[in-house]
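The lines below spell out each chain.
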Amino acid sequence: NTSRADFASGVSNNEEASLTRREASISANQMLYDGFATRGQVRQSKAAALAASWRVHDAAENQAQRDVAAYLELARANELLVLAQTNQANHQRYAERTAELARAGRANTADVEQATARLALASAGVHDAQGLVKQAAASYQSATGKLPSDAIQLPKASELNIPVSVDEAISTSLAQHPALKAIS
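Residues numbered from 1 in each chain as written. Predicted model: local features only at pLDDT ≥ 70, side-chain atom pairs only at ≥ 80, totals over all residues. Heavy atoms only, no water.

What follows is about the overall build of the protein chain. Counting secondary structure elements, the protein chain contains four helices and two strands. Of the regular secondary structure in the protein chain, the N- to C-terminal order runs β-β-α-α-α-α. Looking at the protein chain as a whole, 15% of its 184 residues are labelled buried. In the protein chain, 67% of the contacts between residues at least 6 apart in sequence involve partners at least 24 apart. Only carbon and sulfur atoms are counted for the fraction: they give 53% of the accessible area of the protein chain, which is about 14,800 Å². (Helix = DSSP H or I, 4+ residues; strand = E, 2+ residues; numbered from the N terminus. Buried < 20%, exposed > 50% of the residue type's maximum accessible area, 1.4 Å probe, protein only. Contact = heavy atoms within 4.5 Å. Areas by Shrake-Rupley, 256 points an atom, 1.4 Å probe, with all protein chains shown as cover.)

L74, L81, V133, Y140 and I152 are the most contacted members of the largest nonpolar core, which has 13 residues in total. Once residues lying within four places of it in the same chain are set aside, the contact partners of I152 are Y71, L74, A75, N78 and Y140. (Core = buried A, V, L, I, M, F, W, Y, C linked by side-chain atoms within 4.5 Å.)

Okay, the pattern of salt bridges next. Applying the stated criterion across every chain yields a total of two salt bridges. Put simply, R21 and E23 hold a salt bridge, and the shortest N to O gap is 2.7 Å. A relative accessible area of 70% means that R21 is categorised as exposed. Residue E23 is classed as exposed on the basis of its relative accessible area, which comes to 62%. Notably, a salt bridge pairs R76 with E73, separated by 2.8 Å at the nearest N-O pair. Separated by three residues within a single helix, R76 and E73 lie in helix α1 (residues 37-103), roughly one turn from each other. Given the relative accessible area of 37%, R76 is considered partly exposed. With a relative accessible area of 32%, E73 lands in the partly exposed category. (Salt bridge = Lys/Arg side-chain N within 4 Å of Asp/Glu carboxyl O.)

Structure representation (structure tokens):
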């Protein structure tokens, strides 16, 4: 009794013969020399990480600059408000003295009207300065995420670390600016 198999289809006429092919393999590779490509990739990755850290530092400094600008604007607006209020108080006293002089006959109505007009202008200046303080406070809150305190004042020039010359300012900026360090 002979068994025939159809080798093209892999099906046998008789169940006794099995022609199923089985195969397994394992492969392992080890790089012996890559032409310094790995060292170059490591160097490139380190440079990219350093540039990214400088970009983060630059973003932090930009935010700090916005915070300082908002602080200084609010301090300036507060100073202007104090000046406007002082001006208004001075014009109030002047208008009152001019009115007393007019009642005593030593000043005319034109002087009183002029003093009253100046007082009105000084009062408008106070109103404008109050608006500037509100705008500056909103900008400060937007920049810092905090409400401003009442103690915001302009710093004294002696407390600031300001370069003495333009050349010193430029050289310091070129040496320390994180955006420039990120690209170098």
